[in-house]
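In case you want the letters, here they are:
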Amino acid sequence: MSEILPIRHQAPLPLDRLILADAPSAEALEMDVTIVGAGPAGLACAIELARLGKDDQLNIAVLEKAESLGEHNLSGAVVNPRAFRELFPDLEDANFPFRGHVDAESVYFLTGSRALRIPTPPTMHNRGYFTASVCEIVRWLGERAEELGVNLFAGFPVDALLVEGDAVRGIRTTPSGLDRDGTPGTSYAPPTDVTARVTVLADGTRSLLGQAWREWRAVGSANPQIFALGVKEVWEVTEPLDRVIHTLGWPLPADAFGGSFMYPLGPSQVALGLVVGLDYHRAALDVHELLQRMKTHPLFRERLAGGTLLEWGAKTIPEGGYYALPERRYGDGLLMVGDAVGFVDVPSLKGIHYAMQSGMYAARAIYAALKAGESATGALAAASLAPYDRMVDESFIVDDLRRTRNMRLAFRDGLYVGGIKAGLMVATGGRVPGGRIDMPADAEVPRRVGAPDSFTPDNTLTFGKLDAVFKSGNATRDTIPSHLIVGRDVEADVADFYTHVCPAGVYERVGDELRVNAPNCVDCKATDVLGPRWTPREGGSGPKYRLM
Ligand SMILES: Cc1cc2nc3c(=O)[nH]c(=O)nc-3n(C[C@H](O)[C@H](O)[C@H](O)COP(=O)(O)OP(=O)(O)OC[C@H]3O[C@@H](n4cnc5c(N)ncnc54)[C@H](O)[C@@H]3O)c2cc1C
Ligand code: SF4
């Protein structure tokens, strides 16, 4: 049987275009702090910093690649409210942008036709938390940041870090208005440089700039980061869902790690999705198609009957946990927060409150370093930003991740062995089985080549990829240059593999060749993990999520 080793076909990280030793342009904007990415992590950082520095008139910029805040954010989501309460001590839970309170929950093991209710594992308890759309959370946090004087630049993807010696001095944005061949068209707008004393990388899962900075500064981790791909839909439904639901088992094969979620979003909407670890073994596994198949199970079909698909989207999740955390998350002129670091607890599928809390710690460390600094210019020295790591290490963020440190990693041996090991870990607070379980990077896991399962969407309950992308609101200009870097030796089998990896139908096999329909991309980053590299493209491209 033939196999594909994804890493063999992957292009190297284009470090020479991501780390630039160029002097900032003469028109560069000068900021005290620049934050890359307006997700929960970046916005919580901006809000906390603006509040701390209100008498110091700090210049804070947040750059976001989506055209409007929230359009590139996707989550489940059930939210642990503790970071909201800490960031807004004067507000009540009822003031936060949540859709509802979690009063009941159920976990099921699915077979093709049955749903067996199982006891809720301790790591999956959600009572007392809130359901929400992260797009709405981000829009709300953006308004709070703006009220505090933060400069929000939506539609400005960051293309590269500007460096001087070992220090990060700022960023350069992506140009817009290029024609397909890369030449400036009539609407061309050149890149903008923004200098800052600290640049905060809050650019989320599979952070491109974080990968580049870590490779450049040789910042390692005990295990490589690993990822899952989540494909999600929001439906208008005829009857309210009264509980939070998680499932394990069908339609996933036993050698793939993952599960589904179905959450109520108020009385008339439901969010549902399937999350699958990208270390699966079958080259033809297709997460989008598995989600479509999953909806035909009575548990979902009955819930969605008579309803309408409102929105569709996809995104990766960092799943490596404690052992994949970078050995440091700060350097000269730089900090990393949120998913860019990998602050996600996989057993509970939670990242939003860790992202926000890490953003707040970053703000506190930056503010203290700015106040203590002897000079008023230049990048802040790494040593002055080191307290950020200490705050994170002593907090519930690292504590939670340490407790579940081997739980996801146990599943590299398959669902059943993993389930037993995970049970032992819960019972012993993470101590048994002891030691670190080694994990290869997802791209180093070989894939078995084989025929895909046949799937024909009915366009009522199940949908093909092109209809799904339409439901993401993606309206990227057709004549945009490709932002995806295809590696070497991409023959027919590998082309097929990419076709299945990408939930948005970007890759197509035509004869034995790979065709890349780059405008379809929804920035989920799955192929950056397993295949063609993702790079930023002109501002405002990609999905326009409202409800994700
Ligand atoms: C399917 C799924 C279900 C989940 N369910 C839950 C849940 O129920 N509860 C929970 O707590 N967590 C959940 N999570 C995890 C949670 O969503 C994340 O941990 C959280 O959103 C991370 O926040 P962040 O700010 O670090 O990153 P993000 O929310 O991803 O924000 C990063 C921002 O940076 C922007 N950006 C990226 N690159 C650039 C660039 N080069 N230039 C400018 N901007 C850039 C992006 O557009 C984005 O707006 C889930 C995740 C997924 C994918
Ligand atoms: S091409 Fe875009 S949408 Fe497809 S997997 Fe890669 S990042 Fe995701």
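Rules and cut-offs
- Residues numbered from 1 in each chain as written.
- Chains lettered and ligands numbered in written order.
- Predicted model: local features only at pLDDT ≥ 70, side-chain atom pairs only at ≥ 80, totals over all residues.
- Heavy atoms only, no water.
- 1 Å grid on protein atoms, 1.4 Å probe; cavity = no way out; pocket = protein on both sides within 12 Å on 5 of 7 lines; lining within 4 Å.
- Points joined across faces, edges and corners; volume = space filled by probe spheres on them.
- Helix = DSSP H or I, 4+ residues; strand = E, 2+ residues; numbered from the N terminus.
- Nonpolar A, V, L, I, M, F, W, Y, C, P; charged D, E, K, R; others polar.
- Phe/Tyr/Trp six-rings, centres within 6.5 Å; stacked < 30°, edge-to-face > 60°.
- Buried < 20%, exposed > 50% of the residue type's maximum accessible area, 1.4 Å probe, protein only.
- Polar contact = N/O pair within 3.5 Å; in protein donor to acceptor, adjacent residues only side chain to side chain.
- Contact = heavy atoms within 4.5 Å.
- Near = heavy atom within 4 Å.
- Sits in = over half its atoms within 2 Å of the grid points.
- Areas by Shrake-Rupley, 256 points an atom, 1.4 Å probe, with all protein chains shown as cover.
- Pairing = 2+ DSSP bridges.
- Axes fitted to C-alpha atoms, helices over the stretch in contact; angles between N-to-C directions.

Colleague: Explanation requested: empty space enclosed by the protein in the structure shown.
Modeller: The gaps left among the atoms become clear once a water-sized probe is rolled over them. For the structure on display, the rule yields 7 cavities of 30 Å³ or more. Here the largest cavity is characterised by a volume of approximately 840 Å³. Contributing to the lining of the largest cavity are 49 residues, with Leu74, Gly204, Thr205, Lys315 and Asp339 lying nearest its centre. Elements that contribute at least two residues to the lining of the largest cavity include exactly helix 2 (40–52), strand 5 (60–64), helix 5 (208–217), strand 18 (227–236), strand 20 (258–264), strand 21 (269–277), strand 22 (308–318) and helix 8 (352–372). Residue classes in the lining of the largest cavity are distributed as 28 nonpolar, 12 polar and 9 charged. Counted as a void, the second largest cavity has a volume near 100 Å³. Lining the second largest cavity are 15 residues, with Cys502, Cys521, Cys524, Lys525 and Thr527 sitting closest to its centre. When residues in the lining of the second largest cavity are grouped by element, the largest group, 3 residues, is from helix 15 (residues 526–530).

Colleague: Even after reading the chapter, I still don't get the packing of aromatic side chains, so can you show me in this structure?
Modeller: The geometry of an aromatic ring pair is captured by two quantities: the separation of the ring centres and the angle between the planes. Enumeration according to the criterion identifies 15 aromatic pairs in this entry. Here the aromatic rings of phenylalanine 84 and phenylalanine 96 are separated by 5.1 Å at their centres, their planes lie at 45 degrees, and the arrangement is tilted. Here the residue phenylalanine 84 occupies a position in helix 3 (residues 82–87), and phenylalanine 96 occupies one in the loop between helix 3 and strand 7 (100–101), the gap between them amounting to 12 residues. By relative accessible area, phenylalanine 84 is classed as buried at 0%. Ring geometry for phenylalanine 153 and phenylalanine 156: centres 6.0 Å apart, planes at 80 degrees, overall edge-to-face.

Colleague: Explanation requested: the side chain of serine 260 in the structure shown.
Modeller: Along the chain, serine 260 falls in strand 20. Look at serine 260 and you get buried, because its relative accessible area is 3%. For serine 260, the side chain forms a polar contact with the side chain of threonine 247, separated by 2.5 Å. If we skip the residues at most four places from it in the chain, serine 260 touches Ile245, His246, Thr247, Gly273, Leu274, Met294 and Phe300.

Colleague: It is not clear to me how the site of ligand 2 should be interpreted in this structure. Could you clarify?
Modeller: Not every one of the 13 residues close to ligand 2 is listed here, only the nearest: Cys502, Cys521, Cys524, Lys525 and Thr527. Of all the cavities here, the one that holds ligand 2 is the second largest cavity. In terms of residue class, the shell around ligand 2 is built from 11 nonpolar, 1 polar and 1 charged.

Colleague: Explain the site of ligand 1 here, please?
Modeller: With respect to spatial proximity, 35 residues lie near ligand 1, and among them Glu64, Ser75, Val78, Val158 and Asp339 are the closest. Between an oxygen atom of ligand 1 and a side-chain N or O atom of serine 75, the distance comes to 2.7 Å. Protein burial of ligand 1: of its 990 Å² of free accessible surface, 98% is covered by the chains. When each cavity is represented as a set of grid points, ligand 1 is found to reside in the largest cavity. Sorting the residues of the shell around ligand 1 by element identifies helix 2, strand 5, strand 22 and helix 8 as the ones contributing at least two each. Considering each element in turn, the shell around ligand 1 owes the most residues, 3 residues, to strand 22. Across the shell around ligand 1, the residue classes break down as 19 nonpolar, 10 polar and 6 charged.

Colleague: Teacher, can you tell me more about the sheet that holds strand 19 (residues 244–249) here?
Modeller: Adjacent strands of a sheet pair through backbone hydrogen bonds, lying either parallel or antiparallel. Pairing is mixed across the open sheet formed by 7 strands, whose spatial order is 9-8-19-20-21-18-22. The open sheet is flanked by strand 9 (115–118) and strand 22, the only strands paired with a single partner. Averaged over all pairs of adjacent strands, the angle between their axes in this sheet comes to 20 degrees, without regard to strand direction. For strand 8 (residues 105–110) and strand 9, the ladder comprises 4 bridges, and the chain directions are antiparallel. Note on strand 9: the bridge partner recorded for leucine 110 is alanine 115.

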